[in-house]
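# Fold and contact review
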Amino acid sequence: MKLDLKIQPLNSWMKINHEPLLIAGPCSAETEEQLLATAHLLAKTGKVSVLRAGIWKPRTRPGEFEGIGSIGLEWLKRAKAETGLPTAVEVANAKHVEEALNAGVDILWIGARSTVNPFTVQEIADALKGVDVPVMVKNPVNPDLSLWIGALERINAAGITKLAAIHRGFSSFEKSAFRNEPHWDLAISLKTLAPELPMINDPSHICGNRELIPYIAQKALDMDMQGLMIESHIDPSVAWTDAKQQLTPSALSELMDHLTQRKPEVKNAEVKDKMAELRKEIDKIDDQIISKMAERMAVVEKIGAYKRDNNVTILQVTRWDEILHKRTSYAKALKLSTDFTEKLLELMHHESIRKQTEIMNNSTVAEA
Ligand SMILES: C=C(O[C@@H]1C=C(C(=O)O)C=C[C@H]1O)C(=O)O
C-alpha cells in the first residue's frame, strides 16, 4: 500500500546548484562572524544549494548551549543576502515557525525530537496552515516508521506540498560505531511507501564523527536518496555544538568530489539488456523459493494436525535448535551470511508456529 501524500517534485521548489543536492552549514549559529564566514566559504565551493544553521537547539541536558535564538535569524538573513544561498532552520514550536517565516527563512525542518511527539508536530502543522514554505521532516529519535509517516501526514494535511524527509538515524541502546543507527531498512520502507517523497540523508547525525561521514554519504546516494545535509563549521575544533562531526567547508568540498553519483535509471542499452537477463534469472529463482516455501508450509500443516490429534506441543525447542545449527552451517558453506540465514529461519519458524496454532485451534480431525 502506498501513502497518500500530495507532493511537488523536489526540482520544482529547490534550485539545485550542484549534484548531488547539498544542504550545509554550522550545527549552530554561534556568532555573526562565524555564520557569515562559514556561509561565504560554503558558497565559494559552488557545491552547496542551501545554507543550514541551528538557531534553537534541543539539548538532551540543561546547561548546554541551547542556540543563539532569534538574533541568529538576522545573521542568516545577512548570509543569504551576501551569498545568495537560501536558508533552512529547525523549528520546534509555533513561535519558531512564525519567527522563521517573518525573517524570510526559505526552508523549515522538524527535528527528530519533535517528530517523536504528535502534539508538537500538530502545533507546527497548525502554524503552517495557509503558508507556502518547504518543510523537511527528520525521522523520529526512535526507530518507529509510523511516527515518521504520521509527522509527514500531519504537515501534508496542513497544505504543505513542498515536502521532504530527512534520514538522520535512530537512537539505540546497543553500542555502535554510529551516534545514531542508520536503520536503512526504515528509510527504504518509507521510500517504498512514498516513492515521490524526496529523501535527504544527514550523515553528520548518523555518524557523530567526521571519519564515518564519507561512507554514509556514499551509501545514501547508492540508496537513491535525493540529497545530503552535512554540518560544516569554519573551525570545527572550537564549535559550540557537535564539534566532532562538523567538517570545514574545504573538507566538505573535498568529500563531495570523492562521492560517486549513480542514477536509478539505466541509459546504456547493453547494460539494460544484461540487467534484464539477470532479473529474469532472479524472477525464476524467487518463484522457486516461494513455491518451495508453500510446499514446506503444507508439510507444517500436516505436522500441526498430528500434534493436535496426539496432544504434542507446537514448539519443539530441541528440533528447532537442530534445524538452526544445520541450516546456518550449510548456508555458511554456500557463502550466505549467518545473520541473514538466522533472520530468514526465524521468520519461517514464526510462520510455522502461527500456522500450527491455527490448526491446533481448529477441532476438525486431520485428513490421513
Ligand atoms: C514443524 C514443527 O514445529 C515447530 C516448527 C518447526 C519448523 O517449522 O521446522 C520446528 C520445530 C517446532 O518448533 C516440528 O515440530 O517439527
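Residues numbered from 1 in each chain as written. Predicted model: local features only at pLDDT ≥ 70, side-chain atom pairs only at ≥ 80, totals over all residues.

## As for the overall build of the protein
Each helix and strand counted, the protein has 14 helices and eight strands in total. By its C-alpha atoms, the protein is 85 × 50 × 40 Å across when sized along the principal axes. Within the protein, the fraction of its 368 residues that count as buried is 34%. A fraction of 72% describes how many contacts in the protein between residues 6 or more apart in sequence connect residues 24 or more apart. (Helix = DSSP H or I, 4+ residues; strand = E, 2+ residues; numbered from the N terminus. Buried ≥ 20, exposed ≤ 12 C-beta atoms within 10 Å, placed from the backbone. Contact = placed C-beta atoms within 7 Å.)

## As for the UniProt feature "coiled-coil region" (unreviewed entry) in the protein
Here the UniProt feature "coiled-coil region" (unreviewed entry) sits at residues 268–295. In this annotation, residues 268–295 is assigned 96% helix and 0% strand; the end-to-end C-alpha distance for the span is 40 Å. (UniProt positions renumbered as here; feature names shortened; annotations may be inferred.)

## Describing the site of the ligand
Every residue near the ligand is listed here: Val300, Ile303, Ile314, Leu315, Gln316, Arg319, Trp320, Ile323, His349 and Ser352. Only helix 12 (269–309), helix 13 (317–333) and helix 14 (338–360) provide two or more residues apiece to the shell around the ligand. Counting residues per element, the shell around the ligand draws most heavily on helix 13, which supplies three residues. When its residues are assigned to classes, the shell around the ligand shows six nonpolar, three polar and one charged. (Near = placed C-beta within 6 Å. Nonpolar A, V, L, I, M, F, W, Y, C, P; charged D, E, K, R; others polar.)

## Digging into the sheet that holds strand 6 (residues 163–167)
Spatial strand order, 1-2-3-4-5-6-7-8: eight strands in a closed barrel with parallel pairing. Direction aside, neighbouring strands of the sheet carry axes that sit 25 degrees apart on average. Of the strand pairs in this sheet, strand 2 (residues 50–52) and strand 3 (residues 87–90) are connected by two bridges, and their pairing is parallel. Bridge pairing in strand 3 links Leu51 to Thr87. (Pairing = 2+ DSSP bridges. Axes fitted to C-alpha atoms, helices over the stretch in contact; angles between N-to-C directions.)

## Thoughts on the environment of Leu10
On the secondary structure map, Leu10 appears in helix 1 (residues 10–13). Taking the C-alpha atoms as reference, Leu10 lies 32 Å from Thr31; in sequence the two are 21 residues apart. Contact partners of Leu10, with chain neighbours within four places excluded, come to Ala164, Pro198 and Gln226.

## Considerations on the packing of helix 4 (residues 94–102) against helix 6 (residues 118–128)
Axis separation between helix 4 and helix 6 bottoms out at 8 Å; the angle between their running directions is 35 degrees. The handedness of the crossing between helix 4 and helix 6 is right-handed. Here helix 4 contributes Ala94, Val97 and Glu98 to the contact with helix 6, which in turn contributes Glu123, Ile124, Asp126, Ala127 and Leu128. (Left-handed = near helix turned anticlockwise from the far one by under 90°.)

## Side note on the environment of Leu108
Along the chain, Leu108 turns up in strand 4 (residues 107–110). Accessibility expressed as a C-beta count within 10 Å gives 24 for Leu108, which makes it buried. The sequence separation of Leu108 and Gln218 amounts to 110 residues, and the corresponding C-alpha distance is 25 Å. Excluding residues that lie within four positions of it along the chain, Leu108 makes contacts with Val89, Val91, Val97, Ala100, Val133 and Val135.

## Quick word on the pairing of strand 1 (residues 21–25)
When you tally the buried positions in strand 1, you get five out of five residues, the bulk of the element. On strand 1, burial covers both faces: Leu21, Ile23 and Gly25 on one face and Leu22 and Ala24 on the other are all buried. Where strand 1 lies against strand 8 (residues 227–231), five bridges are found, and the strand directions are parallel. Pairing of Gly25 across the sheet is with Glu231, part of strand 8. As judged from the two bridges shared by strand 1 and strand 2, these two strands associate in the parallel manner. Within strand 2, the position partnered with Ala24 by the bridge is Leu51.

## Re the pairing of strand 5 (residues 135–138)
Across the two faces of strand 5 the burial is the same, with Val135 and Val137 and Met136 and Lys138 all buried. When strand 4 meets strand 5, the two strands line up parallel, connected through three bridges. Bridge assignment links Ile110 to a residue of strand 5, and that residue is Val137. With four bridges joining them, strand 5 and strand 6 adopt parallel strand pairing. Across the sheet, Lys138 pairs through a bridge with Ile166, a residue of strand 6.

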